[in-house]
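Overview (structure and organization)
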Amino acid sequence: MSEPLTTPGEGFHPHLHEAPDHSGTPLRSRLHHVRAGALDGDTAQSGGMRRFAAVSGRTVGSEKLWMGQTHVAPSTASSDHHHGESETAIYVVSGHPEFVFLDDSGEEPQEVRLRTSPGDYIFVPPFVPHREENPDPDDEAVVVIARSTQEAIVVNLPRLYALSAADEA
């Protein structure tokens, strides 16, 4: 940890002879250093939480990946939502967020609550409705998110499960 921090613009190495030709895509010919204070809050949101993009198509030119942070305020739950075709990996940085989904593999569907701690990981498959909750009355929960699509897909839902025809009427 004694190495100095990089400065903006570092990470580019013009002397690589076997690098692919990225002449038409300057964002894809260098490394990008996204500082903690430079996260982009202009991303898809769900009620009860704030998402910040670090790596996305817009911020660094990524084509297949999105990564950022989500903050859930104390005593708060997000809206029910899913992330479309994205696979989502979540790493718990701080707090004890809970992830809630509906398990309909048994006779009766039941809500499942995954209680987490710092250092834990969660995987959310594509199109699986869920919500994040932070039951702590004093401290926000912070997680790092990685998605398999280059932008944050968020589809807010009225419930954790699909509405039947009778519910929609």
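Two strands in a sheet stick together by hydrogen bonds in their backbones, pointing the same way (parallel) or opposite ways (antiparallel). With respect to topology, five strands assemble into an open sheet ordered E1-E2-E10-E5-E8, the strand pairing being antiparallel. Where the open sheet ends on each side, the last strands, each with one partner, are strand E1 (49–55) and strand E8 (121–124). Put simply, the sheet's adjacent strands are angled 25° from each other on average, direction ignored. Relative to strand E10 (residues 141–147), strand E2 (residues 66–72) runs antiparallel, the two being bridged by seven bridges. Opposite Thr 70, over in E10, you have Val 143 as the bridge partner.

By secondary structure assignment, the location of Thr 88 is in strand E5 (residues 88–94). Judged by relative accessible area, Thr 88 falls into the buried class, the value being 2%. Along the sequence, Thr 88 and Arg 147 sit 59 residues apart, while their C-alpha atoms lie 4.5 Å from each other. Residues within four places of Thr 88 in sequence aside, it is in contact with His 83, Ile 122, Phe 123, Val 124, Ile 145, Ala 146 and Arg 147. Looking at Thr 88, its side chain comes within polar contact range of the side chain of Arg 147, at 3.1 Å.

A full pass over the atoms with the stated rule returns one aromatic pair. Consider the rings of Tyr 91 and Tyr 121, whose centres lie 4.9 Å apart with planes at 55°: the pair is tilted. Taken together, the residues Tyr 91 in strand E5 and Tyr 121 in strand E8 connect sequence positions 30 residues apart. Residue Tyr 91 is classed as partly exposed on the basis of its relative accessible area of 31%. Positioned over the ring face of Trp 66 is Arg 147, at 5.1 Å from the centre of the ring.

The rules behind the values
- Residues numbered from 1 in each chain as written.
- Predicted model: local features only at pLDDT ≥ 70, side-chain atom pairs only at ≥ 80, totals over all residues.
- Heavy atoms only, no water.
- Pairing = 2+ DSSP bridges.
- Helix = DSSP H or I, 4+ residues; strand = E, 2+ residues; numbered from the N terminus.
- Axes fitted to C-alpha atoms, helices over the stretch in contact; angles between N-to-C directions.
- Buried < 20%, exposed > 50% of the residue type's maximum accessible area, 1.4 Å probe, protein only.
- Contact = heavy atoms within 4.5 Å.
- Polar contact = N/O pair within 3.5 Å; in protein donor to acceptor, adjacent residues only side chain to side chain.
- Phe/Tyr/Trp six-rings, centres within 6.5 Å; stacked < 30°, edge-to-face > 60°.
- Lys NZ or Arg CZ within 6 Å of the ring centre and 35° of its normal.

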